[in-house]
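Read off the chains here:
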Amino acid sequence: MNDSTQLEAPAVAKNGDMKQRMVGIEIENLHLSFGQTEVLSGVDLTIEPGEFFAFLGPSGSGKSTLLRAIAGFGPRPRGMIRIGGRDVIDLPPWKRNVGMVFQSYALWPHLSVRENVAFGLRELRFPRAEIGPRVDAALDLVGLRDLADRMPNQLSGGQQQRIALARTVVVEPQVLLLDEPLSNLDANLRVQMRRELLALQRKLGLTTIFVTHDQEEANTTSDRMAVLDGGVIQQVGTPQQLYDAPCNLFVAGFLGTANILEGRVERDGEAVRFVTTTGEALPIAEAEPGRGSIVLRPQNITLTTDGGPGTIAGEVVHREFLGSQIRYIVQAAGAEIIVDQSHSVGTDWQEIGAKVSLRINARTAVVIPRGHGA
Amino acid sequence: MPDTPATGNLADKLPSALFPRLSATALVAVLIAIILIGLLLIPVLLVIYVAFQDPNTGALTLNNFRDFFSSSLFRESFWNSFYVSAMSVVIATAIALPLAYITTRFNFAGSILIQSLGFIPLIMPPFVGAVAMQLIFGRNGTVNLLLRDSFGFTIPFMDGLNGVILVQSIHYFPFILINLSASLRNIDRSMEEAAQNLGSHGMRLFRRIVFPLAMPGYIAGAALVFIKVFDDLGTPLLLNVNNMLAPQAFLRISSIGISDPMGYVISFILVMFSIFSLWASFLFMRGKDYATVQKGGGGLSRRDLKLGEKILAYGVVLLILAFVLSPHIGLTLLAFGTIWSFAPLPDGYTLKNFVTMWQTSGQYISNTILYAGLAALADVIIGTAIAYIVLRTRIFGRKALDYLATAALAVPGVVLGIGYLRLFHGIEVPFVGKPMASWWVIIALALMIRRLPYALRACTAALQQVSVALEEAAENLGATKGRTIRRVVIPLMTAGILAGFVTSFATAAVELSATIMLVSSDADAPLAYGIYLFMQTPSGRGAGAALGLVAVLIVGLGTFISQLIVERDKKYRMNGQDQ
Ligand SMILES: Nc1ncnc2c1ncn2[C@@H]1O[C@H](COP(=O)(O)OP(=O)(O)O)[C@@H](O)[C@H]1O
Ligand SMILES: [Mg+2]
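Residues numbered from 1 in each chain as written. Chains lettered and ligands numbered in written order. Predicted model: local features only at pLDDT ≥ 70, side-chain atom pairs only at ≥ 80, totals over all residues. Heavy atoms only, no water.

Engineer: Hey, could you run me through the domain arrangement of chain A in this one?
Structural biologist: Size of an interface, as often reported, equals the accessible area lost when the parts are brought together. Each assigned domain of chain A is listed here: domain 1 (11–244) and domain 2 (257–369). A C-alpha centroid distance of 41 Å is found between domain 1 of chain A and domain 2 of chain A. (Domains from an automatic or database assignment.)

Engineer: For this particular structure, what's the right way to read helix α4 (residues 63–71) of chain A?
Structural biologist: Owing to its 3.6 residues per turn, the α-helix brings residues three or four apart onto one side. A large share of α4 of chain A lies buried, amounting to eight of its nine residues. Of the residues flanking the end of α4 of chain A, it is Gly72 of chain A, one or two places downstream, whose phi is positive at about 95°. (Buried < 20%, exposed > 50% of the residue type's maximum accessible area, 1.4 Å probe, protein only. Helix = DSSP H or I, 4+ residues; strand = E, 2+ residues; numbered from the N terminus.)

Engineer: Would you explain the site of ligand 1 in this entry?
Structural biologist: Residues and elements named next belong to chain A. Every residue near ligand 1 is listed here: Phe34, Val39, Pro58, Ser59, Gly60, Ser61, Gly62, Lys63, Ser64 and Thr65. At a separation of 3.2 Å, an oxygen atom of ligand 1 approaches a polar backbone atom of Ser61. Ser64 places a side-chain nitrogen or oxygen 2.6 Å from an oxygen atom of ligand 1. For ligand 1, the accessible surface in isolation is 560 Å², of which the surrounding protein chains cover 56%. Ranked by residue count, the leading element in the shell around ligand 1 is α4, at three residues. (Near = heavy atom within 4 Å. Polar contact = N/O pair within 3.5 Å; in protein donor to acceptor, adjacent residues only side chain to side chain. Areas by Shrake-Rupley, 256 points an atom, 1.4 Å probe, with all protein chains shown as cover.)

Engineer: How do you make sense of the interface of chain A and chain B when you look at a structure like this?
Structural biologist: With 25 residues of chain A at the interface, the matching set in chain B holds 21 residues. Here chain A and chain B share an interface that buries about 2200 Å² over both sides, 59% of which is from carbon and sulfur atoms. The largest per-residue losses of area from chain A upon contact with chain B belong to Trp94, His110 and Glu123 of chain A, which jointly make up 30% of the total buried on that side. With its nearest N and O atoms 2.6 Å apart, the salt bridge here joins Glu193 of chain B to Arg68 of chain A. The set of elements that each furnish at least two residues to the side of chain A that touches chain B consists of α4, β6 (98–101), α5 (113–123) and α7 (157–169) of chain A. The element that contributes the greatest number of residues to the side of chain A that touches chain B is α5 of chain A, accounting for four residues. Partitioned by chemical class, the residues of the side of chain A that touches chain B number 14 nonpolar, six polar and five charged. (Contact = heavy atoms within 4.5 Å. Buried area = accessible area lost by both parts, 1.4 Å probe. Salt bridge = Lys/Arg side-chain N within 4 Å of Asp/Glu carboxyl O. Nonpolar A, V, L, I, M, F, W, Y, C, P; charged D, E, K, R; others polar.)

Engineer: Hey, could you run me through the pattern of salt bridges in this one?
Structural biologist: Close approach of charged atoms allows side chains of opposite charge to pair. Enumeration according to the criterion identifies 26 salt bridges over all chains in this entry. When the shortest N-O distance is used, the salt bridge between Arg78 of chain A and Glu38 of chain A registers 3.7 Å. Separated by 40 residues along the polypeptide, Arg78 of chain A in strand β4 (residues 78–83) and Glu38 of chain A in strand β2 (residues 37–47) bring together distant segments of the chain. Taking the shortest distance from any N to any O, the salt bridge between Arg139 of chain B and Asp159 of chain B comes out at 2.9 Å. One end of the pair, Arg139 of chain B, is in the loop between α6 (126–137) and α7 (142–151); the other, Asp159 of chain B, is in the loop between α7 and α8 (161–185), with 20 residues separating them in the sequence. Exposure remark for Arg139 of chain B: the relative accessible area of 53% places this residue in the exposed category. Residue Asp159 of chain B is classed as partly exposed on the basis of its relative accessible area of 27%.

Engineer: Looking at this structure, how should I read the packing of helix α3 (residues 63–70) of chain B against helix α13 (residues 261–285) of chain B?
Structural biologist: Angle between the axes and distance between the axes: these two values describe a pair of packed helices. All names here are of chain B. Two elements in contact, α3 and α13, have axes whose closest approach is 10 Å; the angle formed by their N-to-C orientations is 85°. Relative to α13, the element α3 is oriented roughly perpendicular. The segment α3 lies against α13, with Asn64, Phe65, Asp67, Phe68 and Phe69 engaging Pro261, Met262, Val265, Ile266, Phe268 and Ile269. Residues belonging to the contact of α3 with α13 are distributed by class as follows: nine nonpolar, one polar and one charged. (Axes fitted to C-alpha atoms, helices over the stretch in contact; angles between N-to-C directions. Parallel < 35°, antiparallel > 145°, perpendicular 65-115°, else oblique.)

Engineer: What is the right way to look at the sheet that holds strand β14 (residues 290–296) of chain A in this model?
Structural biologist: Note: strands within a sheet are paired through backbone hydrogen bonds, in either parallel or antiparallel orientation. All names here are of chain A. One open sheet holds the five strands; their spatial order is β13-β12-β11-β14-β20, and the pairing between them is antiparallel. Whereas interior strands pair on both sides, the edge strands pair on one side only; in this sheet they are β13 (281–284) and β20 (366–369). The mean angle between the axes of side-by-side strands here comes to 40°, regardless of whether they run parallel or antiparallel. Across six bridges, the pairing between strand β11 (residues 259–268) and strand β12 (residues 271–276) is antiparallel. The partner of Val265 across the bridge, within β12, is Phe274. (Pairing = 2+ DSSP bridges.)

Engineer: Help me understand the environment of Pro109 of chain A, please; the structure alone is not making it clear to me.
Structural biologist: Residue and element names in this part refer to chain A. Counting through the fold element by element, Pro109 comes out in the loop between β6 and α5. Under the relative-accessibility criterion, Pro109 is labelled buried at 16%. Spatially, the C-alpha atom of Pro109 lies 59 Å from that of Arg359, the residues being 250 residues apart in sequence.

Engineer: Help me out: how do you make sense of unusual backbone geometry in this one?
Structural biologist: For residues besides glycine, phi is generally negative; the peptide bonds are generally trans as well. Residue and element names in this part refer to chain A. One non-glycine residue, Tyr105, lies in the positive phi region at around 75°. Structurally, the position occupied by Tyr105 is in the loop between β6 and α5. One non-glycine residue, Arg125, lies in positive phi territory at about 55°. Positionally, Arg125 belongs in the loop between α5 and α6 (128–141).

Engineer: Sorry, what's going on with α5 of chain A here?
Structural biologist: For α5 of chain A, a buried count of eight out of 11 residues is recorded, marking the element as mostly surrounded by other parts of the structure. The complete set of buried residues in α5 of chain A reads Val113, Asn116, Val117, Ala118, Phe119, Gly120, Leu121 and Glu123 of chain A. Taken together, the buried residues of α5 of chain A touch α6 and α7 of chain A together with α9 (189–197) and α10 (202–231) of chain B. Backbone geometry just downstream of α5 of chain A places Arg125 of chain A in the positive-phi region, at approximately 55°.

Engineer: Looking at this structure, how should I read the packing of helix α2 (residues 24–51) of chain B against α13 of chain B?
Structural biologist: All names here are of chain B. Look at α2 against α13: their axes get within 8 Å of each other, and the N-to-C directions meet at 120°. One element, α2, and the other, α13, form an angle in the oblique class. As for the relative orientation of α2 and α13, their crossing is left-handed in sense. When α2 is examined against α13, the residues Val47, Ile48, Val50 and Ala51 are found in contact with a partner set consisting of Tyr264, Val265, Ser267 and Phe268. Looking at the contact of α2 with α13 residue by residue, the class counts come to seven nonpolar, one polar and no charged. (Left-handed = near helix turned anticlockwise from the far one by under 90°.)

Engineer: Help me out: how do you make sense of the side chain of Gln161 of chain A in this one?
Structural biologist: You can see Gln161 of chain A is positioned in helix α7. Filtering out sequence-adjacent residues up to four positions away, Gln161 of chain A remains in contact with Val101, Tyr105, Pro181, Leu182, Leu185 and Met193 of chain A.

Engineer: Would you mind going over empty space enclosed by the protein with me for this structure?
Structural biologist: Where empty space is left becomes clear once a probe the size of a water molecule has been rolled over the atoms. Residues and elements named next belong to chain B. Applying the stated criterion to the full structure yields six cavities of 30 Å³ or more. A volume near 80 Å³ is recorded for the largest cavity. As for the largest cavity, its lining consists of 13 residues, of which Met124, Pro126, Ile170, His171 and Pro327 are closest to the centre. Looking at the lining of the largest cavity, its residues break down into 10 nonpolar, three polar and no charged. (1 Å grid on protein atoms, 1.4 Å probe; cavity = no way out; pocket = protein on both sides within 12 Å on 5 of 7 lines; lining within 4 Å. Points joined across faces, edges and corners; volume = space filled by probe spheres on them.)

Here is the structure:
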C-alpha cells in the first residue's frame, strides 16, 4: 500500500476529522433472550474511543449476539447501549452508523466489487460525482483497486474479506464491528490479515470491536478484550492482564495452558503457602487464606532433579518436543501437570519414567478463591 | 524421456480409435444413442426439414413460412399463443409472488396451506379441469350467474383466450412458486443485514438486494411456465380456442393430412420458441448461482405478522386456494351432477356418470396402464443406464447422451407427434399389417421419450447417493462390472428408480399433446384421449369428468407414492448413517 496516494483520496483525507469524531461505546446491564432462552445476561462494558477491542470466548458464548445487538440486529435487548453518548437501543440498524463486517463477508453476488462498495454511499444519497472517487479511495485503502470490476465470486477469500472491509469503511461509520473476520481464511493469510486489520484500524482511528474464539488473534490485535462465557462477561482487561491475573478458572483455562490444582491458602506469619488437597505445600507470594485453586502456567514451573522444601515430587509420563520448548507431562500432586522447559542446543532431556521435582515460581502463581468460575 | 515420433503415436492410436473394443456398457450406450437419435432427434429434425421443403417438389424453400405469415389466421394464432403464454406468466407470477413472499418473510401458521397449494394443481392436468372451469367461471357459470343476480355485471374470466390464460396460470403457477421460494430461501440473512447496516431498508432494500438475488429462481420458473403454455395443445382444444399455434398444427395435420406444410412450420416455431426461452433463461442465469445461505446461518429473517396483516395474509391465501381448487371442485360436481347448465350448481346428484364411464372407458383405462406402464418401465431402464454411463464411466460422448435425453423437455408433444406420423407413416409393421404410424406401440414410444427426462433425473439423483466406494468394495471382492451393477448398484438405487417410475407413469397417463396426434382408432386410445372425446359433447361431460377424476386419482396417488418412497428412503439412509 502506498501512503501518499491514499492521503490524497477523499475517504482518508478526513482522517484527521475522524480521529476527533472517535466515539466510545457504553453498555449497561444488557439482557437479551431468544424466546425463553437468555443468551446475554447483564453485560456491562465500556469501550474507549479509538480502542481496538476484542470479544473472546468459546463458540456459543454470545459474542456474535452481543456484537449484533450493538449493530441493531437480533431481538431487542433490555438495558442500555450508547454509542458516542447516544442511546441507540431503539434505533433500527440503518440509523446507527456502525459498520459491520460479516463472518461470511456477505458480499452481494449480483453486484460488482465497485457496486458493492458504492452501495452504502448511494443509500446515503451521496452526489454521483463523489461516489466514484470515494469508492476508489476505499479500494486503495485495502489495496484492491484493480479488482473493482470483478464479481465477488471471482475473488479469493482474502480478497473478499478486504472488499467487505472497504464496503464498510467507505461510509465512514463511527464504529467498526468485525465478526470472526479471519475465520474463513487459511492459516498463513490469517496472520497477515490480522496485521493489516490492525494497521488499518490504527490509520483510521476507528473504534473497533473484533469477535474471535481464537485467543492468539485477540492477544495479538486488541488493546483490551472481554472474555465471554455463557452470555456473561468474565473479565475485561489487556491481554497481559487477563493472562497473568485471570479472575476465575474459566479465564485462566481459556487463555493459554494452565495447570489447576485444588487446595487452600494458609498463612504462617509472613510466609504464605498453598496446600494442595494431596498435601503438597507450595510457597506463594500473596493471597487471602481459604479454599481455592492455584493456576500454574507451564513455563513458570521448573523441572529439577534435586528435591527440597517447596517442591513437588513427580514422575515424567509423557514428553513432546516443540522446538523452542520441551513439554513434559508430569504425574504429581494427584494430577497430570504440564511443564514447559525452554530448549536450546545441549539442554538435558528428562526421560519418561524419570523421578523429578517441580519448583514453582512463587510470584507468578495465581490463586483463585473458591466459587470463582467452573 | 525423448519425444517419440508423432507418427508412431498416431499409428498406435488409430486402430483403437477406428475400431473401439466395445465393452458391455459401451454397447448399451450405443444402443441408447440409437434409440434417442431414432425416436427423438430424427423425428424433430425431419419436422424442421419438411417445414423448409416445397410440398410438391421437395426442394428447399422459405415459401412455407411466407405462406404462414401471409395468412391472417396464422398471424393471429402466433400472436395469441405468445400473448396467452406471456399473460399466463404474469398471472402465475401474481399468484406465486405473494405466496412465496409470505412463506419466506413471515412467521405464518398458514404456510402448510401454501405448501399444499404448491402441488394441488400439479396433480390435475390442465385440460382435465378446463371444462369444469367453464362451468364455474364461464359466461353462464356459477360465479357469473351469482354476480349477475346480485350486482348485475359479469366478469369474462373464461371468454376466449382469457379462459386459456386462467386455466394455464392456475395449473402452472407452482413452477414459479417453487423456484422463487427456493431462491428466496437460499438468500442468507447476512445479505439483508449487510444492506441494513449500510443504511438501506424497506422497499429499497427489497428492490436492490432481495429481488435481484431471487431473480434467477424466478426466471427459471417463468421460462418453464412460458414454454409449457406455449406448447400446450390440450387446454385450448378443450376450451375450443383454436386460433393458437398448437391447435392449428393439430387441426391442419388431422384435417388436411401429413403432407400439409403448415403443421411443420408451426412445429418449427414451437421448437424455436422452446429452445429460445431455455437458452435465454440459461444465458440469464449463467454465473448467477446466488445461493448464499451459510452453514448454520438462516435464510432471510422472518417477523411475526400483526393482526391486520395476518387477516390479510389469510385472505390472500384462502382466495388463491379457492381459485386453485376450483377445477377440482368443478370436476367433482360435474362428475356427480345430473344436468349442469345455466345454474350455479348441478340440478341433482347421481352416480350414473361413473356407470357410463365404467361401461365405455374400460378400454381407455387398460390402454393407459399398458402404454404408460411400458413407457415408464423403458424410461427407468434407459434412465438408470444413462445415469450410470454419465456418472461412472468415461465413455466418449456420455454427456451428449444425457443432454439428448434431457432435450426431450424442449420438444413439444405436438411436434413429436407430427414427427412420428411423418417418419413412420410409410413403414409397415411386420405381422400386424398396418403402417407403423397407426400402431399403438408408437404411442407408448412417444410417451417414453417425453417422460424420459423425469425418470433420468430421478435415477441420476439415486445413483449420486450410491457411493463409489461401495462399488469398488464389490469389485475388489472379485465381482465383475456387470455383477457389481446388478448386485450392488441397482439394489441401492431401487427407491430412486421406483420414484422415477411412478412419476413417469403418472405423468404419461395424462399426456395428451402427442397422444392426440398418434391415436388412430378409439380402440387404441388412452384415458386422456377418452376425456377429450367425452368433453366434446355436453351429454358426455359427466362421464368425461368421472374419467377425469380417475386421472386425478392416478396422478395424485402416483405423486403421493413417489413422495412416500423418497421420504422412506431418506429416513432409511439417515438411520443407516447414525449406526
Ligand atoms: N437466532 C437464534 N435463535 C435462537 N438462539 C440463538 C440464535 N442465535 C444464537 N442463538 C444462541 O445464542 C447463543 C450465543 O450464540 P452466538 O452469539 O452466536 O455465539 P458465538 O458467536 O459466541 O459463537 C448460542 O447458544 C446460540 O445457540
Ligand atoms: Mg459467532
